[in-house]
Amino acid sequence: MDDLESLWSGLLSQRAELIRAAWAALSHHERRAVHEHLMRMTTEDGWTAPQQKSARIALDVLDAQPPHEPGQQP
């Protein structure tokens, strides 16, 4: 996905359909990096409460997805 602002806007939108659409546009390598970043957003200091909430919602939506196709990971 070329537009990082659109990517993060979708991921942190708190809307499942936008979170899934942003996630679907990522490569396997990008998904791994984004998942790790979302985890850090929920656990590290320095993020605002709304950012932490949005990151947690994104992780919840992604974790609730059906099993991944072979070769894919969160």
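Residues numbered from 1 in each chain as written. Predicted model: local features only at pLDDT ≥ 70, side-chain atom pairs only at ≥ 80, totals over all residues. Heavy atoms only, no water.

1. Topic: the overall build of the chain
Across its full length, the chain carries 4 helices and 0 strands. Burial status across the chain gives 26% buried among its 74 residues. Contacts spanning at least 24 positions in sequence make up 54% of the contacts within the chain whose residues lie at least 6 apart. Looking at the chain as shown, the accessible area adds up to about 4,800 Å², and 53% of this sits on carbon and sulfur atoms. (Helix = DSSP H or I, 4+ residues; strand = E, 2+ residues; numbered from the N terminus. Buried < 20%, exposed > 50% of the residue type's maximum accessible area, 1.4 Å probe, protein only. Contact = heavy atoms within 4.5 Å. Areas by Shrake-Rupley, 256 points an atom, 1.4 Å probe, with all protein chains shown as cover.)

2. Side note on unusual backbone geometry
Even without glycine at this site, Q14 takes up a positive phi of about 70 degrees. When you line up the elements, Q14 lands in the loop between helix 1 (4-11) and helix 2 (16-24). Looking at Q14, the relative accessible area reads 37%, which means it is partly exposed.

3. Regarding the confidence of the model for the chain
When pLDDT is averaged along the chain, the result is 89, and 85% of the positions lie at 70 or above. Per-element confidence in the chain ranges from a low mean pLDDT of 94 for helix 1 to a high of 97 for helix 4 (residues 49-63). (pLDDT = per-residue confidence, 0-100.)

4. So, helix 3 (residues 28-43)
With 16 residues, helix 3 ought to run about 22 Å at 1.5 Å a step, and its terminal C-alpha atoms sit 23 Å apart, in line with that. Among the residues making up helix 3, those that are buried are R31, V34, H35, L38 and M41. Take helix 3 and look down its axis: the buried residues cluster within an arc of 120 degrees, on one side only. Set apart from the buried face of helix 3 by more than 90 degrees, the exposed residues are H29 and T43. Buried residues along helix 3 sit in contact with helix 1, helix 2 and helix 4. (Expected span 1.5 Å × (residues − 1). Arc of directions from axis to C-beta.)

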